[in-house]
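For reference, the chains in residue letters:
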Amino acid sequence: MTKKYETETPGYTMTTVMEEAARCLLCHDAPCSAACPAHTDPAKFIRSVRFRNVKGAAETIRENNALGAICARVCPTEKYCELACSRSGIDVPIDIGGIQRYVTDFEQADDMHILHAGDSNGMHIAIIGSGPAGLQAATTLLEKGYSVDIYEKNAKAGGYLTYGIPEYRLPSNIVDYEIKRITDMGANIHFNTIIGKDMTMDQLKAENDAVIVAIGASEAKMLPMFENNDAVETAVSFLARTKQAKGNIDLPDNALVIGGGDVAMDVVTTLKKLGVEHVTDAVYEQFDEFRASKKELAGAEREGVTIIDGYVPDSVNGHTVTLKHRHINSEMTIEADTIILAIGQETNAKNLGIKLEHGEAPSAGYKTHDPKVFITGDIAQGDKTVVYAVQKGKEVAGEIDSILGGNRDDQ
Ligand SMILES: Cc1cc2nc3c(=O)[nH]c(=O)nc-3n(C[C@H](O)[C@H](O)[C@H](O)COP(=O)(O)OP(=O)(O)OC[C@H]3O[C@@H](n4cnc5c(N)ncnc54)[C@H](O)[C@@H]3O)c2cc1C
Ligand code: SF4
């Protein structure tokens, strides 16, 4: 049963990837490259694939994106590169994510080492959080010759790459391999270390030339009526323990999920893939206002999830939840073995001394009121996706380098 949960869909072969790359119109000033938040440059790497230079394609991806194999699998391409693809005017856009996956799988199979640390400049940077933003910031800083220490509260690195996105969409071995490349470059990760509890911000500031806060939104939101109820679990807790156990968890006969975003879709699809017979998703929005991407929603529907749109929980008694429709006079009562809340995540910046509004920096950019402290990733303004975290990780590293550059030993 768990096999289906763990298996990602097969990727391209050498023959099929060539067929897909051959559809590319080789645009001048390619709009797909301009639309990639991390500047992974699909136009350039697809051109290399067309000329059978897969190594060159891998170099293009890595130059710009330390998490290229991950982005290939999880980017909402329909919002970014593929939305801009000129081929859409003829039939369907090029499968850019699929081609990127082929190239990065080749890179891994060939054990290519493209990224290298620069010569040491004698400066030290601390990064709080090892999610995609922290990992990309570390890579860019290592390339520029900084030494980097990452402090991570969990036992493993990766943030939501490791503890959130399900195995069937993002296999753990791909995440582990991407992270190993970065530790091989010299990033030193201190696990099980909560900054603000096990170590203070003042300690990090005293020991480093700059500190980057990349803590994401790693805590789940809870509705007061569901607090202290044994039948209730949060989406990120469910997804984290399922991914860590590779799907080998105790399963309910029926589950009620509350929430209608992509995280809710991951939960309901995972439950169905694991074999839970009755999965109902109660969604605040009505179908025409859904927040989940069409791809994720279609995946949940294919698995046979029952979706009731426009309903909100009104009361709960143990395993029994009463839901009311937001607009019409309709009420339903659902009894479930497990109730999973997927109503969003929030940031816990306790004792870090940074000012956030609604879990986000109050103004655009990466600087804080403290000249030694920078923020990046989901807590910086902008889209909350992995590819944006990569872009923000690169940008904060570039900003720090432009500020500290004049003080370096190698100047
Ligand atoms: C279930 C789920 C599915 C998703 N699916 C997709 C997808 O398909 N595509 C996509 O593009 N995006 C997806 N996202 C969003 C994406 O994962 C985030 O935008 C991205 O991970 C943000 O990166 P980050 O580095 O800012 O933060 P995070 O990934 O949240 O990492 C932050 C890290 O900081 C650590 N940390 C926090 N506080 C402290 C502290 N005080 N001391 C030490 N360490 C600390 C945390 O443990 C964590 O490891 C998904 C999110 C979830 C929850
Ligand atoms: S990194 Fe993501 S958005 Fe950028 S080209 Fe690759 S798949 Fe598209």
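Note that the coordinates shown come from a computational prediction; the quantities given were computed from them, not determined experimentally.

1. Observations regarding the sheet that holds strand β9 (residues 306-309)
Thought 1: Strand order in the open sheet formed by five strands is β6-β13-β7-β8-β9, with parallel pairing between adjacent strands. The strands lining the two open edges of the sheet, one partner per strand, are β6 (232-234) and β9. When strand polarity is set aside, the average angle formed by the axes of neighbouring strands in this sheet is 20°.
Thought 2: Pairing of β6 with strand β13 (residues 338-341) involves three bridges; the strand directions are parallel. Within β13, the position partnered with Glu 233 by the bridge is Ile 340.
Thought 3: On the sheet, helix α13 (residues 235-244) packs against β6 and β13 and is oriented at approximately 80° with respect to β6.

2. Examining the site of ligand 1
Thought 1: With respect to spatial proximity, 34 residues lie near ligand 1, and among them Val 74, Glu 152, Arg 169, Asp 378 and Val 386 are the closest.
Thought 2: Between ligand 1 and the protein, one listed contact pairs an oxygen atom with a side-chain N or O atom of Arg 169 at 2.7 Å.
Thought 3: Val 386 places a polar main-chain atom, nitrogen or oxygen, 2.8 Å from an oxygen atom of ligand 1.
Thought 4: Those elements that place two or more of their residues in the shell around ligand 1 are α9 (132-143), α14 (262-274) and α16 (386-404).
Thought 5: Residues lining the shell around ligand 1 come from more than one domain, with at least three contributed by each of domain 2 (124-217 + 347-407) and domain 3 (220-345).

3. As for the sheet that holds strand β11 (residues 320-325)
Thought 1: Spatial ordering of the open sheet is given by β10-β11-β12, a layout of three strands whose pairing is antiparallel. Every interior strand has two partners, whereas the edge strands, β10 (311-317) and β12 (331-335), have only one. Direction aside, neighbouring strands of the sheet carry axes that sit 25° apart on average.

4. Considerations on the site of ligand 2
Thought 1: Every residue near ligand 2 is listed here: Cys 36, Thr 40, Pro 42, Asn 65, Cys 71, Cys 75, Thr 77, Tyr 80, Cys 81, Ile 96, Gln 100 and Val 387.
Thought 2: Split by residue class, the shell around ligand 2 holds eight nonpolar, four polar and no charged.

5. Some words on unusual backbone geometry
Thought 1: Despite not being glycine, Asp 29 has its phi angle at roughly 50°, a positive value.
Thought 2: Residue position: Asp 29 is located in the loop between α2 (14-22) and α3 (31-35).
Thought 3: Backbone geometry at Asp 111 places phi at a positive 50°, although glycine is not the residue there.
Thought 4: Checked against the element boundaries, Asp 111 lands in the loop between α8 (96-109) and β1 (124-128).
Thought 5: Take Asp 111: its relative accessible area is 42%, and that puts it in the partly exposed class.

6. Structural notes on the packing of helix α4 (residues 42-50) against helix α5 (residues 54-64)
Thought 1: Running from N to C, α4 and α5 point in directions that differ by 170°, and their axes come no closer than 8 Å. Between α4 and α5, the angle falls in the class roughly antiparallel. Contact with α4, carried on its side by Lys 44, Phe 45, Ser 48 and Val 49, involves Gly 56, Ala 57, Thr 60 and Ile 61 of α5 and no other residues of that element.
Thought 2: For the contact of α4 with α5, a count of residues per class yields four nonpolar, three polar and one charged.

7. Focus: a negative patch on the surface
Thought 1: A contiguous patch of negative charge, built from Asp 253, Glu 277, Glu 335 and Asp 337, is present on the exposed surface.
Thought 2: Classification of Asp 337 as partly exposed rests on a relative accessible area of 33%.

Here is what the cut-offs are and how they apply
- All residue numbers refer to position in the chain's written sequence, counted from 1.
- Labels follow written order: the first chain is A, the first ligand is 1, and so on.
- Where local features are concerned, this predicted model is filtered to residues with pLDDT of at least 70; where side-chain atom pairs are given and counted, the filter is 80 or more; whole-chain, interface and lining totals use all residues.
- To get the side-chain values, all heavy atoms of the structure are used, and hydrogens and water are removed first.
- Strands are treated as partners if at least two bridges between them are detected by DSSP.
- Secondary structure elements are defined from DSSP: runs of H or I of at least 4 residues count as helices, runs of E of at least 2 residues count as strands, and each element is numbered from the N terminus.
- In this description, a line fitted to the C-alpha atoms serves as the axis of each element, helices being fitted only across the stretch in contact, and the angle between N-to-C directions of two axes falls anywhere from 0 to 180 degrees.
- Contacts between residues were defined by any pair of non-hydrogen atoms, one from each residue, lying within 4.5 Å.
- Near is defined per residue: the residue qualifies when any heavy atom it owns lies within 4 Å of the molecule or strand.
- For this analysis, a polar contact is any N or O atom pair within 3.5 Å, provided that within protein one partner can donate a hydrogen and the other can accept it, and provided that sequence-adjacent residues contribute only side-chain to side-chain pairs.
- Residue ranges labeled as domains rest on an automatic or database domain assignment.
- Under the convention adopted here, Pro, Cys and the residues Ala, Val, Leu, Ile, Met, Phe, Trp and Tyr are nonpolar, Asp, Glu, Lys and Arg are charged, and Gly plus all remaining residues are polar.
- Buried residues are those whose accessible area, probed at 1.4 Å on protein chains only, stays under 20% of the maximum for their type, while exposed residues exceed 50% and partly exposed ones sit between those limits.
- Each angle is binned into one of four classes, with values under 35 degrees roughly parallel, values over 145 roughly antiparallel, values of 65 to 115 roughly perpendicular, and all other values oblique.
- Each patch is built from residues lacking any salt bridge and having more than 30% relative accessible area; the joining distance is 9 Å for like charges and 5 Å for nonpolar side chains (Val, Leu, Ile, Met, Phe, Trp, Tyr).
- Using a 1.4 Å probe, accessible areas were evaluated by the Shrake-Rupley method; residue-level cover was limited to the displayed protein chains.
- For salt bridges, the criterion is a side-chain nitrogen of Lys or Arg within 4 Å of an Asp or Glu carboxyl oxygen.
- Think of it this way: Lys and Arg go in the positive column, Asp and Glu in the negative one, and His and the chain ends go nowhere.
- Every charge is mapped to an atom, namely NZ of Lys, CZ of Arg, CG of Asp or CD of Glu.

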